[in-house]
Amino acid sequence: MSDTESHAQFFPENETLRLTADGIWYSDSTEITHVGTLQLFGRSIVRKAGTELPLQYHLVVGRETKEVFVEDTAFFVTRVDRSGSGAYRLHLTDGTQMDLGVRDLAFRPPNRLTSAIRGGAETARFCRNAYHDILKDLEQDAGGYFLQIASTKVYLDSSSITP
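Residues numbered from 1 in each chain as written. Predicted model: local features only at pLDDT ≥ 70, side-chain atom pairs only at ≥ 80, totals over all residues. Heavy atoms only, no water.

Regarding the sheet that holds strand β4 (residues 45-47)
The strand order across the open sheet built from 6 strands is β3-β2-β1-β6-β5-β4, with neighbouring strands paired in mixed fashion. The outermost strands of the open sheet, each flanked by one partner alone, are β3 (30-31) and β4. Sheet topology places strand β5 (residues 57-61) next to strand β6 (residues 64-70); 5 bridges connect them, and they run antiparallel. In the sheet register, Val 60 faces β6, and the bridge partner there is Thr 65. Contacting β1 (17-19), β2 (25-27), β4 and β5, helix α2 (residues 35-44) runs over the sheet at an angle of about 115 degrees to β5. (Pairing = 2+ DSSP bridges. Helix = DSSP H or I, 4+ residues; strand = E, 2+ residues; numbered from the N terminus. Contact = heavy atoms within 4.5 Å. Axes fitted to C-alpha atoms, helices over the stretch in contact; angles between N-to-C directions.)

Structure (structure tokens):
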């Protein structure tokens, strides 16, 4: 028996995987809710090499790959912690954590908050809970709405923020 023949297939051949703009995974029309599977997918999603806009992604699990239809971003901020110094620590769906840099944050109406990740190579969208957690610190002055990140005011588009 060859190595290929003895290898059990992880992904069903005709399955369509989709990651929604809200960070919800679907297999065909069924929502994937198993925590271990969601964690595996978060760690295993990779941008296909050489793709331009729209970006294309696939999962890499062992020797197998599976195309994923990504509606918005492939990565999400699931939790935000704020230190005593005013710095923000982001927890991402790929299992990593990073400090939010003052140039990383972007707001686009309606209610789309993102952060640059992986040195600017990717973007992570804030999930609903993380979005509300960070915007509870939103302040306003004559210049508009801003977040204080450490000692820097980071202004967001003030026209349509809804905390």
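Concerning the pattern of salt bridges
Enumeration according to the criterion identifies 9 salt bridges in this entry. Residues Lys 153 and Asp 141 are paired through a salt bridge, measuring 2.9 Å at the closest nitrogen-oxygen approach. Of the two residues, Lys 153 sits in strand β15 (residues 152-155) while Asp 141 sits in strand β13 (residues 139-141), which places them 12 residues apart along the sequence. Judged by its relative accessible area of 26%, Asp 141 falls in the partly exposed class. Three or more residues are tied together by salt bridges with common partners; here these are Asp 72, Arg 112 and Arg 125. (Salt bridge = Lys/Arg side-chain N within 4 Å of Asp/Glu carboxyl O. Buried < 20%, exposed > 50% of the residue type's maximum accessible area, 1.4 Å probe, protein only.)

Focus: unusual backbone geometry
You will see that Arg 118, though not glycine, has its phi angle at about 50 degrees, which is positive. Take Arg 118: its relative accessible area is 46%, and that puts it in the partly exposed class. With a phi angle near 55 degrees, Ala 150 is a residue other than glycine that sits in the positive phi range. You can see Ala 150 is positioned in the loop between β14 (144-149) and β15. Judged by relative accessible area, which is 40%, Ala 150 ranks as partly exposed.

Observations regarding the packing of aromatic side chains
Applying the stated criterion across every chain yields a total of 2 aromatic pairs. In this structure, Arg 18 is placed above the aromatic ring of Tyr 26, and the distance from its NZ or CZ to the ring centre is 4.6 Å. (Phe/Tyr/Trp six-rings, centres within 6.5 Å; stacked < 30°, edge-to-face > 60°. Lys NZ or Arg CZ within 6 Å of the ring centre and 35° of its normal.)

Overview of the side chain of Arg 112
Inspection of the secondary structure assignment puts Arg 112 in strand β11 (residues 112-117). With near-sequence residues (within four places) excluded, Arg 112 lies in contact with Asp 72, Thr 73, Ala 106, Phe 107 and Arg 125.

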